[in-house]
Structure formats: structure tokens, C-alpha cells
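The residues making up each chain are set out below.
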Amino acid sequence: MHKSLKNALVGAIEAGGTKFVCAVGTCPQDLDRIEFPSGDSPELVLAQVTDWLGEQQRRRGKLQAIGIGSFGPIDLHRDSPTYGHITSTPKSGWRNTDILGAVRRVFPDIPLAFDTDVNGAALGEFYWGNGEGLHDFIYITIGTGIGGGVMVGGQLLHGLVHSEMGHLRLPRIPGDAFAGVCPFHGDCWEGLCSGPALLARAKMAAEAIPPEHEAWDRETQYIAYAVANLVCVLSPQRVIIGGSVRKGGQLGQDRFFRMVRARVRVALNDYLVSPPLQEDIDRFIVPPLLGDDAGICGAIALAQREIA
Ligand code: ZN
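Treat the numbers as computed from the prediction; the structure is a model and nothing was measured.

For the zinc ion, the full set of protein donor atoms is His167 (ND1), Cys182 (SG), His185 (ND1) and Cys188 (SG), at a range of 2.0 to 2.3 Å. One can describe the donor arrangement at the zinc ion as tetrahedral, given that its four donor atoms subtend angles of 101 to 121° at the metal. Counting along the primary sequence, the residues that act as donors to the zinc ion give the motif H-x14-C-x2-H-x2-C. Remark: Cys188 occurs in the loop between β10 (155-156) and α4 (189-193) and His167 occurs in the loop between β10 and α4; sequence separation between them is 21 residues. Judged by relative accessible area, His167 falls into the partly exposed class, the value being 22%.

This is how it looks when you write it as C-alpha cells:
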């Protein structure tokens, strides 16, 4: 089930809506890395990324593969003419960007792996984090947007397109009039709970929102609804929540997770009987062990799987 990776020298790109993180190395303990702002010119940042990877290759030796975990939506079908493209993103300048092609032009003769940023992060946690030893778990990120990667039977789930759990529709909390910020759906999960949604709701940055502010109640309640739904659909052995919002601002990460866990228990109401959903829920809903490095470590794993 748990294939080990060869510690080959590989490149990694975590393509985010705010920044691109790049790394070269053999494992999480051996990474040279750099970040570039994503901006609104894909050509510029992709040139910066490929130039840097080329420099590292001259310095450290030939890269055996490159793994790319990208924000999306993206096209993951290898036989599609737009394979490797970012497709319908609302992000300015990035619609229909051939991200894989830009890397392929500079590295024509090595394997390139391409997946969603959250599937990448799930893979990072699978090999080196809180997904180790598990075959079915979910990795969720709550930041600029909300996305989730899913491991099912030890394989990343792709399906028809790829998971877009950030756009789940959730029951409204009675009395909550916040319209939500998703350009496609308004009050989907991302529309209600992303970083920009929290900012719009509280009219201040997460770091400034006092612990007793109602925004944290709403935030953790909607997250709990979403997690409860995902538990019912996918029956994961664990739910890992990464991204910036789970740090909880002034509330703090521990209290944030305690609120989410308690509300997941209320939402499920002991219908499903399993210790991780009851007395062991502290170990069931957890932050990533790799912290903010889950994504870039996952891109390293994506690359190494191509040669493992
Ligand atoms: Zn949406």
C-alpha cells in the first residue's frame, strides 16, 4: 500500500493563487526553496520558476522529475488538448494558462507530474505527515479559497474532473444574512469560509478578529457542516485541515480546532459509531504535520512517484 519513494533529486512547484513555491531536493529535510508572487502575468512567474529550477539543476545536478501541484480548476486528463492547463479560474490573467507546457518547454526530457495543489498536499501528508499509514483520508485547505484532496484506498482521487469540495452547498445558520463571496455560487463553503469570506464577514483580517467575535462561531460552524458531510460521503480515517484560516488568528489554532471538532460531533449527533468520531476526535480532525510545507513536500512526492 505505502510505496516508498526513492530519494532522487527532483524539482517541485506549488502553484498557488497568491504565490508560487519552488523547491529542489530529495526529501523534506533536504530542500532548497524560493517563492515568487503569482501576480497577474503567468508568463512572468513561470519564467522565474523555470529559470530558478534551471539554476538549481546546474548547481546540484540533473533533476530526475518535476512535480507540480496547482490551484485550479485544472485539466488532469492526459489525452485532453488542454491537459496541464488551469481552466476556469476567476483569477485575473490566469484563465486557460498552460502551466505544464511552460515547464515542459524548458525540461523536455524528464517526467513531469501534474495534480491539484490539495491532492499534492495530501500526498505530502501521506508520505511524511498525518496521513502516514492511512489509506483513506482528506486534506482540506482553507485560505484564499477552499479545496480538498482525497486519498481513497491509497490512491489520490481524480474522477471526472477533480474534487472541488470548496464549492459544497451547506445549510445556512439561522439568522446569518452574509451573502458569501464565491463568484460562481455566492454562499457555497468557499463563499462562506475562505480567508476573503472571513475578511468580508468580519470587516477585518483574521489576525484582528477578537476570539469572542461571532465570525469565529459562523466560520467553525460552517466548516463543521462541511466536514460532517465529507465524513458521511467519503468515510475518511482522518481529516487534515491546512491553510491560513485554521491558524485561527487571535482565537489560536488549538481553540479553532476544538470548536470545529465539537461542532462536527453535534452535526453527526453520534449517528456514526467509531471512536475517531467520538472520544478520539482530537486525533481525527487535525492540522497538517508538515504545516505550511505540506503542498511543496507533496509536489516533491508527486515528482518522486514518477521515478519510484
Ligand atoms: Zn462556489
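The next subject is the side chain of Ser194. Among the structural elements, Ser194 can be located in the loop between α4 and α5 (195-202). Residue classification places Ser194 among the buried positions, given a relative accessible area of 1%. Residue contacts for Ser194: discarding those within four places in its chain leaves Ile142, Gly143, Thr144, Gly145, Ile146, Val181, Trp189 and Val245.

The subject of this paragraph is the pattern of salt bridges. Counted according to the given criterion, the structure contains 18 salt bridges. Arg60 serves as the salt-bridge partner of Asp30, at 3.0 Å between the closest nitrogen and oxygen. Of this pair, Asp30 sits in strand β3 (residues 30-37) while Arg60 sits in helix α1 (residues 42-60), and the two are 30 residues apart along the sequence. In this structure Asp30 comes out as partly exposed when scored by relative accessible area, which is 24%. Linking Asp187 and Arg172 is a salt bridge whose minimum nitrogen-to-oxygen distance equals 2.6 Å. Taken together, the positions of Asp187 in the loop between β10 and α4 and Arg172 in the loop between β10 and α4 put the pair 15 residues apart, joining distant regions of the chain. Accessibility expressed as a relative area gives 22% for Asp187, which makes it partly exposed. One network of salt bridges, in which partners are shared, links Arg169, Arg172, Asp176, Asp187, Arg201, Glu214 and Arg218.

Conventions and cut-offs
Residues numbered from 1 in each chain as written. Predicted model: local features only at pLDDT ≥ 70, side-chain atom pairs only at ≥ 80, totals over all residues. Heavy atoms only, no water. Donors = N, O, S within 2.8 Å, 3.2 Å for Na, K, Ca; no water. Tetrahedral: all angles 85-135°; square planar, octahedral: opposite > 155°, others 65-115°. Helix = DSSP H or I, 4+ residues; strand = E, 2+ residues; numbered from the N terminus. Buried < 20%, exposed > 50% of the residue type's maximum accessible area, 1.4 Å probe, protein only. Contact = heavy atoms within 4.5 Å. Salt bridge = Lys/Arg side-chain N within 4 Å of Asp/Glu carboxyl O.

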